[in-house]
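Listed here are the chains, written in short residue letters.
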Amino acid sequence: MVRASEYYDPKWYCSTYPDTELLGMDPCLHFLRYGRLLRRDPGPGFETGFYLDTYSDAGAGNPLLTHLRAHDRDRRPVTRAALLARMTDLERDMREQWCADGPSAPPSRKISYCTPVMGRLDDLKGTLDWNLKANAEFRDQVEFLIVVFDADTEIRDWIAGNFPEAISDGYLRVVRDVETLDSWHFGKAKNAFRAHLRGQVYSSLDADNFVTAGETRMLLDLLMAYPAGFIFHHFSGNWGDGTSGRISMPTSIYRHVGYHGLSMPRQFDEIDVILGAMTEFPALPFIGVSEGKHIFKISGSARNYLQDEKLPNRRAFIGKVADHRSPLNPRGADYVSTEALFREMGNFNAALSVQRHSKSEDLAPKYRSRVQTYKHRLIEALPADGILRDLFHIEPLPEIDPITQRSICAVACVHNEQDFLSSFVNHHRKLGVTHFLLIDDHSTQPVRDLDLGDNVLALRPKIGTFRTCKTLWMEGLIKALVPAGTWLCILDADEMLQLPAPFGTLGDLTGHLAQQGRDFATCLLLDMLPDLRMPPDGTDISEDDVTATFGWFCDMPGPASQTYRETGSISWGFGPYADLSWRFDARFHAFGTFDSLRKLSICRYQPGRHLNQGFHSFHYTDDTPQPGPDIWTLNPIVPVFHYKLVKLFSDAHRSRMLQQAEGYHARTQQNIGRIFGEGAEGAVAKLASLASHLRPASDALLPGVFAQNRQTTEDA
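The rules behind these values
Residues numbered from 1 in each chain as written. Predicted model: local features only at pLDDT ≥ 70, side-chain atom pairs only at ≥ 80, totals over all residues. Heavy atoms only, no water. Patch = residues over 30% accessible without salt bridge, like charges linked within 9 Å, V, L, I, M, F, W, Y side chains within 5 Å. Areas by Shrake-Rupley, 256 points an atom, 1.4 Å probe, with all protein chains shown as cover. Salt bridge = Lys/Arg side-chain N within 4 Å of Asp/Glu carboxyl O. Helix = DSSP H or I, 4+ residues; strand = E, 2+ residues; numbered from the N terminus. Axes fitted to C-alpha atoms, helices over the stretch in contact; angles between N-to-C directions. Parallel < 35°, antiparallel > 145°, perpendicular 65-115°, else oblique. Left-handed = near helix turned anticlockwise from the far one by under 90°. Contact = heavy atoms within 4.5 Å. Nonpolar A, V, L, I, M, F, W, Y, C, P; charged D, E, K, R; others polar. Expected span 1.5 Å × (residues − 1). Buried < 20%, exposed > 50% of the residue type's maximum accessible area, 1.4 Å probe, protein only. Lys, Arg positive; Asp, Glu negative; His and termini not counted. Charge placed at Lys NZ, Arg CZ, Asp CG, Glu CD. Pairing = 2+ DSSP bridges.

**Description of a nonpolar patch on the surface**
Then step 1. A cluster of nonpolar side chains, Tyr34, Leu37 and Leu38, forms an exposed patch at the surface whose accessible area comes to about 310 Å².
Then step 2. As for its placement among the helices and strands, Leu37 is situated in the loop between helix H3 (27-35) and helix H4 (48-54).

Okay, here's the thing in structure tokens:
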């Protein structure tokens, strides 16, 4: 490994350390045996002493071998000059992106104490004057920067009237921001300083926090001791004394990593930034206050992440400053653990943080599972009257009729689905849906601007992403607006429920299910196809043509192959009834992909039961098992016409599908790439093999089309 390394230079080693030749040793063997002990470099591009002093895992063996084996070696500078160069480049890039004073303007202060304020004038009245006086000796090196998110001028007027001198010399600055927040969110509020601060060091400061001269002097000393940068957590070890929410680090790192603006409004904010900074910059040390009570001792999520990701940042502890002053509003040390909502927000935000910062593909399933677990616990802890405020942008909501247990609600998460939405709403309205609850995942054309008729509510989420929070958004909207026991249709915008005979409306179907004592229906996804004997020519298909042009589905005779029935998604979803999936699985027969055709799209709202990301199953927070393959023995099976493959024949939709693929999990990403990556011509060529196995859409509604295959292979 050493001989093959770009860092090893035998001629340089021998000329730099002539005793190697005097001993008659091979320079590589000499370096391996004695290089670490003598802190010798293998070549001019690797500094052994720097590496030993910088990374916590470097002392276990030869530092070069440690580096060559490290999973994060691409992020580890191996010389002091390389570290300084990286930080210089980062500073330049971040100033070009964020600095309102222009990228060439050097920082005018050493430290920016940054306080976000929304309706907290009383706190400022108790701390601001004290802080300015306590740090007066540093007024040329420090700025107190306050961002005010209130639309009224009360706070700004009070500050301007009481501190004109501090404002005039830049010791105190006030920035108005009424665009960032419509309700309080710690991460978004603290990200708002990026474009405004003028200090080399960003230091977070809540409105009720005091900052003493001793603390400022300590930060200035750290800046001298670690010119490349540091990651400092002011946490004393007591969750309630105001220190857990205070961090200090180079402004460039704060700007680069940022707070998680898509997390829940509070909890784990500063720890998230710390984990992100340590992951991105393993050469920078973590500085704490107490060696016995830092976050990697007290926070299980932080400790596990440190161990799982093998973060090599050195850790140092400086002790509590003598003149530390507690905040105006101290809390009890156990306030998080005793308040269920805070606890579950913290758990969920921690799971999101770990998932967003991790670089490990091997750990991704573990992190994804953790997000799902805490997502379910969070939705149960959130009070119904606060969900809309916490999860969604609150805009003027259209008037809709009250939702009662007699209503039938369709719930969908949509993104740039304007070509399908009108058909989706009209189709399900005819079936008996009374209300449409739509989560608009930031469509280019807002859904609220579309004319979709009465009783359609569209809200944009303000936390999470489609990949992590799709079902959280949907369950949150349901919990806020829908009474328990109401029937729901959980769908994607390109899915159309169909009613098999003899049911004429969704009310007929749900009434039948209720009489049987059932609270959900088994649904089967059918990919709708064009007439493959005369396929579309690849041009964009208008909305009006979709159901007419794509009026066929695949009906391939079985039995399923052994490989197919043993594939995870098939075995889990269908078990001994895999022949049913095989028969109608157009995507497998054409493209070789494995997707679950199982859907539980019609169900009664039941608190404590949670949606699977693809609506293939239910999850429970108690010991209730998920529905198993025996659901295929229940009558009726409801077909769901799926128009995803319509997107193959639209250049715009095909491109959009590939762009959105990264929002899905790895297997789904691969499937989307295989189906949509070749373009319409290649896709049609693969679909052509199904031409002789097509049935018209109307056949899916006939009695017995699905029932004839609902027996196990053994029974057959």
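**Quick look at the packing of helix H13 (residues 269-280) against helix H17 (residues 340-357)**
Then step 1. For the pair H13 and H17, the least separation of the axes is 10 Å and the interaxial angle reads 15°. In this view, H13 runs roughly parallel relative to H17, as classed from their interaxial angle. You can see that H13 and H17 cross each other, and the crossing is right-handed. Mapping the contact onto sequence places Asp272, Leu275, Gly276 and Thr279 in H13 and Ser353, Arg356 and His357 in H17.
Then step 2. Tallied by class, residues from the contact of H13 with H17 come to one nonpolar, four polar and two charged.

**Examining helix H18 (residues 364-381)**
Then step 1. Compared with the 26 Å implied by 1.5 Å per residue over 18 residues, the 26 Å span of H18 between its first and last C-alpha is a close match.
Then step 2. When H18 is considered as a whole, its buried residues turn out to be Tyr367, Val371, Lys375, His376, Leu378 and Ile379.
Then step 3. For H18, the secondary structure elements touched by its buried residues are helix H15 (300-308), H17, helix H19 (387-391), helix H21 (466-481), strand S17 (609-611) and strand S18 (618-620).

**Quick word on a negative patch on the surface**
Then step 1. Taken together, Asp122, Asp152, Glu154 and Asp157 make up a surface patch of like negative charges.
Then step 2. Within the fold, Asp152 resides in the loop between strand S2 (142-148) and helix H8 (154-162).

**Describing the sheet that holds strand S4 (residues 199-204)**
Then step 1. Read from one edge of the open sheet, eight strands run S3-S2-S1-S4-S6-S5-S7-S8, paired in mixed fashion. The open sheet has two edge strands, strand S3 (172-176) and strand S8 (315-317), and neither has a second partner. Averaged over all pairs of adjacent strands, the angle between their axes in this sheet comes to 20°, without regard to strand direction.
Then step 2. Pairing geometry for strand S7 (residues 286-288) and S8, over three bridges, is parallel. Across the sheet, the residue bridging to Gly288 is Phe317, located in S8.
Then step 3. Contacts from H8 reach strand S1 (109-117), S2 and S3, with the element oriented near 160° to S3.
Then step 4. Against the sheet, H13 engages S4, strand S5 (231-233), strand S6 (247-250) and S7, with an angle of about 30° to S6.

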